[in-house]
Amino acid sequence: MSWQAVAEKDFRDALRSRLLIVLTVLFALFSAGAAYVVTEIDPPQQAAFTGEVTTFLLIVGLLQATAVFIPIVAIAVAYRSLAGERESGSLKLLMSLPNGRLDVVLGKFVGRSGVVAVALFVGFAVGLVVTASLADAFSAPEYIAFVGVSMLFAFVFVAIAVGVSAFTASTSRAAYGSFGLFVVFQFLWGVLAQGIAYAANGFSFEGIEQGDTIFNLFQLIQILSPTTAYQQGARWVIRLIAEEQEAQQAAADAPFFIQDWFGFIVLAVWIVVPLAVGYARFEASDL
Amino acid sequence: MAAIELDGVEKSFGDVRALRGVDLEVEDGEIFGFLGPNGAGKSTTINVLLDFVRADAGSVRVLGRDAREDSVAVREQTGVLPEGFDLYDRLTAREHVAFAIDSKGADDDPYPLLQRVGLQDAAERKAGGFSTGMRQRLALAMALVGDPDLLILDEPSSGLDPNGARELREIVQQEADDGTTVFFSSHILGQVEAVCDRVGIIREGELVAVDTIEGLRENVGGGSTLVVEVDSVPDDAEHKLKSLDGVSEVAVDGTTLRITCEDDMKMEAIQELESQGADVSDFSTEEAPLEDLFAAYTEDEK
């Protein structure tokens, strides 16, 4: 298996791109700015209630923004990963060496994930400084857990972008495909879930109550979006660390997919499935 | 064992039949030139060998392995200089070779390989600033990693200056002396003549000839021209020579006669001239230009 060689090559190569520097700077500004906004300008409602901006509340506020920003960074870093090499012809060099097609797809995923991790790590480090100085009660473990789950979320979109990039031979189609999926997850998924619930309920919203089958279906579809799964997963982990009461409340007798940990299953699936689909198509195609 | 075995290989891209039943055997250790005009199917054949492209029909074996099922194993023992490739502009020459070493699991040192292709002074430079010739050299260095059993070079001379082309031939020869099989394609016969043991000529997806250069010449026939220098040309010489069996053409230019004939007629032609009273002061043989030979296979109805 030579995926390590591909990953290392790819990491070195992509790390030197100007785009990465731009994205890292943007992300650093973003995470510092978002931390500032959440603490100073527009604190979460609960903070107004308790009069204290805790790390937990800060992160919950940040989650809205990172859920949009992280996928953009991940896709920008990864959408050209395979289609770009195919377009330029460097894929011929790559495939002339004893790299299997699976090695190439996995190596690309790992390499680009590493690159995105560097960008996020720098950005979050800046955010950490701002957060620590602004939050009333700063908890490093909570923030670190938030960074960890955010990385996982970034890897999901790297997997999606690499999968799409393996699927098509053109970089423009790879870009449309990846950003298209992002838009679907981010903006259309909720509407879609509502639509399905609406249709399943005989084309009406009447009579849907919390806990019944159609409501559960609606919740299941919602959490199948990586964006929702990320937010849910992050909240769960941070609550666990913060040992807030809600963590216990969410458990009880709710169905498994309402359980907060289910978000992680969803994220894992969204890493595996796009890579598998992209690989299957890449494996079957003439280069 | 044959290094490359193609048996009834067919490949179409949409309506275009790129390969129409190619049978080809390249012996272990030989230098094989693969010739054909652009678009004849050279690159498709090479792409099939490397599993970049999958044949619609036929069997493809490289180094005794199935080119499709065992492609990674094939490429572990093969060095490739692909056609129309690109480098990683942000990586240095040394990093490119190091990547090839990592991919092949070889234990080479990048530097001697770079030295071999004449890039020792550019080792730490990024490939983005390389000329076409340097790119070609770097890809060749990557191909040489791990002492391959088979070298596949697709149009290796493109972008090389005459000096670079000569160095390339030397490297090919050295590798072949080590027992490496070399398979390389070109659209110019002159480039392969100097190094190839045998050549194959492909035309419109079909292999039209596989032979040594000499064999090709004999096949095409009327290949060589006898140039005879005499003190004076006898009046009837042109007519008399033409009447000889095996002489196809006679041209007189001052005291020089150019006689196109079969090889075994050369002595007879000279004797005929002398019997007519001409004093032959010098004679030589010119072989048909390679371009004519190539054209005979790729253009005319053979």
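About the thresholds
Residues numbered from 1 in each chain as written. Chains lettered and ligands numbered in written order. Predicted model: local features only at pLDDT ≥ 70, side-chain atom pairs only at ≥ 80, totals over all residues. Helix = DSSP H or I, 4+ residues; strand = E, 2+ residues; numbered from the N terminus. Rg over C-alpha atoms; globule rule 2.2 N^0.38 Å. Buried ≥ 20, exposed ≤ 12 C-beta atoms within 10 Å, placed from the backbone. Contact = placed C-beta atoms within 7 Å. Nonpolar A, V, L, I, M, F, W, Y, C, P; charged D, E, K, R; others polar. Domains from an automatic or database assignment. Pairing = 2+ DSSP bridges. Core = buried A, V, L, I, M, F, W, Y, C linked by C-beta atoms within 7 Å. pLDDT = per-residue confidence, 0-100. Axes fitted to C-alpha atoms, helices over the stretch in contact; angles between N-to-C directions. Parallel < 35°, antiparallel > 145°, perpendicular 65-115°, else oblique. Bend = angle between axes of the 7 residues up to and from the residue. Left-handed = near helix turned anticlockwise from the far one by under 90°.

Observations regarding the overall build of chain A
Reasoning step 1: A tally of regular secondary structure across chain A gives 13 helices and zero strands.
Reasoning step 2: Along chain A, from the amino end to the carboxyl end, the secondary structure elements read α-α-α-α-α-α-α-α-α-α-α-α-α.
Reasoning step 3: On C-alpha atoms alone, chain A measures out to a radius of gyration of 20 Å, which is about the 19 Å that the 2.2 N^0.38 rule sets for 287 residues.
Reasoning step 4: Taken along its principal axes, the extent of the C-alpha atoms in chain A is 60 × 50 × 30 Å.
Reasoning step 5: Burial analysis of chain A (287 residues in total) assigns 47% to the buried set.
Reasoning step 6: For chain A, contacts bridging at least 24 residues in sequence account for 83% of all contacts bridging at least 6.

What to know about the interface of chain A and chain B
Reasoning step 1: The partner chain B presents 23 residues to the 21 residues of chain A that form the contact.
Reasoning step 2: When contributions to the side of chain A that touches chain B are tallied by element, the ones reaching two or more residues are helix H1 (3–15) and helix H6 (90–96) of chain A.
Reasoning step 3: Classifying every residue of the side of chain A that touches chain B by side-chain character gives six nonpolar, eight polar and seven charged.

What to know about the domain arrangement of chain B
Residue and element names in this part refer to chain B.
Reasoning step 1: Taken domain by domain, chain B comprises domain 1 (2–218) and domain 2 (221–298).
Reasoning step 2: Between the C-alpha centres of domain 1 and domain 2 the distance comes to 41 Å.
Reasoning step 3: Elements that contribute at least two residues to the side of domain 1 that touches domain 2 include exactly helix H7 (189–193), strand S9 (198–203), strand S10 (206–211) and helix H8 (213–220).
Reasoning step 4: If you tally residues by element for the side of domain 1 that touches domain 2, the top one is H7, at three residues.
Reasoning step 5: Split into classes, the residues belonging to the side of domain 1 that touches domain 2 amount to seven nonpolar, two polar and three charged.

Description of the sheet that holds strand S2 (residues 16–27) of chain B
Residues and elements named next belong to chain B.
Reasoning step 1: Within the open sheet, the four strands sit side by side as S2-S1-S4-S5. Their pairing is antiparallel. Each edge of the open sheet carries a strand with a single partner, namely S2 and strand S5 (65–66).
Reasoning step 2: The sheet contact formed by strand S1 (residues 2–13) and strand S4 (residues 57–62) spans five bridges and is antiparallel. Each residue of the ladder has a partner; that of isoleucine 4, found in S4, is valine 62.

Overview of the pairing of strand S7 (residues 150–154) of chain B
Working note: regular strand, side chains alternate between the two faces of the sheet.
All names here are of chain B.
Reasoning step 1: Burial within S7 is extensive, with five of its five residues counted as buried.
Reasoning step 2: The two faces of S7 match: Leu150, Ile152 and Asp154 on one face and Leu151 and Leu153 on the other face are all buried.
Reasoning step 3: Where strand S6 (residues 78–81) and S7 come together, four bridges link them in parallel fashion. Residue pairing across strands places glycine 79 opposite leucine 151, the latter belonging to S7.
Reasoning step 4: Pairing of S7 with strand S8 (residues 181–186), which is carried by five bridges, proceeds in the parallel orientation.

Concerning the nonpolar core
Reasoning step 1: In this structure, Val73, Ala74 and Val158 of chain A are the most contacted members of the largest nonpolar core, which totals 154 residues.
Reasoning step 2: Counting contributing residues, this core receives three or more from each of domain 1 (2–218) and domain 2 (221–298) of chain B.
Reasoning step 3: In this structure alanine 74 of chain A touches Val116, Ala154, Phe157, Val158 and Ala161 of chain A, once residues within four positions along its chain are discounted.
Reasoning step 4: Grouped together as the second largest cluster of nonpolar side chains are 13 residues, Val247, Val250, Leu273 and Ala278 of chain B included.

Considerations on the confidence of the model for chain B
Reasoning step 1: When pLDDT is averaged across chain B, the result is 87; 96% of the residues are at 70 or more.
Reasoning step 2: The ipTM assigned to the predicted complex is 0.84, against a pTM of 0.84.

Digging into the environment of proline 110 of chain B
Reasoning step 1: Here proline 110 of chain B shows up in helix H4 (residues 110–116).
Reasoning step 2: Here proline 110 of chain B falls in the buried class, since 22 other C-beta atoms lie within 10 Å of it.

Focus on the sheet that holds S9 of chain B
Residue and element names in this part refer to chain B.
Reasoning step 1: Sheet architecture is open: six strands sit in the order S6-S7-S8-S3-S9-S10, paired in mixed fashion. The open sheet has two edge strands, S6 and S10, and neither has a second partner. Mean inter-strand twist for the sheet, computed between neighbouring axes without regard to direction, equals 15 degrees.
Reasoning step 2: Packed on one face of the sheet, helix H1 (residues 42–49) meets strand S3 (31–35), S7, S8 and S9 and runs near 145 degrees to S7.
Reasoning step 3: On the sheet, helix H5 (residues 132–144) packs against S6 and S7 and is oriented at approximately 170 degrees with respect to S6.

Considering the packing of helix H2 (residues 18–41) of chain A against helix H4 (residues 55–78) of chain A
Residues and elements named next belong to chain A.
Reasoning step 1: At their nearest, the axes of H2 and H4 sit 10 Å apart, and the two run at 170 degrees to each other. In terms of orientation, H2 and H4 fall into the roughly antiparallel class. Seen from H2, the contacting residues are Leu19, Leu20, Leu23, Phe27, Phe30, Ala34, Ala35, Val38 and Thr39; seen from H4, they are Leu58, Gly61, Leu62, Ala65, Phe69, Val73, Ala76 and Val77.
Reasoning step 2: Taken together, the residues of the contact of H2 with H4 break down into 15 nonpolar, two polar and no charged.

A closer look at the pairing of S9 of chain B
Residue and element names in this part refer to chain B.
Reasoning step 1: Alignment of S3 against S9, held across four bridges, turns out to be parallel. The residue of S9 that forms the bridge with phenylalanine 32 is arginine 198.
Reasoning step 2: The hairpin formed by S9 and S10 contains two residues between the paired strands, and glutamate 204 there has a positive phi angle of roughly 45 degrees.

What about the environment of valine 6 of chain A?
All names here are of chain A.
Reasoning step 1: Tracing the chain through its elements places valine 6 in helix H1.
Reasoning step 2: Residue valine 6 is classed as buried on the basis of its C-beta count, with 26 C-beta atoms lying within 10 Å.
Reasoning step 3: Separated by 13 residues in the primary sequence, valine 6 and leucine 19 place their C-alpha atoms 20 Å from one another.
Reasoning step 4: When residues no more than four places from it in sequence are discounted, the contact partners of valine 6 are Asn99, Asp103, Val104, Gly107, Lys108 and Gly111.

What to know about H4 of chain A
Reasoning step 1: At alanine 65 of chain A, H4 of chain A is deflected by roughly 40 degrees, the largest bend along its length.
Reasoning step 2: Among the 24 residues that make up H4 of chain A, 19 are buried, leaving the element largely enclosed by the rest of the structure.

Examining H1 of chain B
Residue and element names in this part refer to chain B.
Reasoning step 1: Among the eight residues of H1, eight are classified as buried, and the element is accordingly described as predominantly covered.
Reasoning step 2: Among the residues of H1, Lys42, Ser43, Thr44, Thr45, Ile46, Asn47, Val48 and Leu49 are the ones counted as buried.
Reasoning step 3: Within two residues after H1, aspartate 51 carries a phi angle of roughly 65 degrees, on the positive side.

Comments concerning the packing of helix H7 (residues 101–134) of chain A against helix H13 (residues 262–284) of chain A
Residues and elements named next belong to chain A.
Reasoning step 1: Relative orientation of the contacting elements H7 and H13 amounts to 145 degrees, with a least axis distance of 9 Å. Relative to H13, H7 is oriented so that their crossing is right-handed. On H13, the residues touching Arg101, Leu102, Val105 and Phe109 of H7 are Leu275, Gly278, Tyr279, Phe282 and Glu283.
Reasoning step 2: Residue composition of the contact of H7 with H13, grouped by class: six nonpolar, one polar and two charged.

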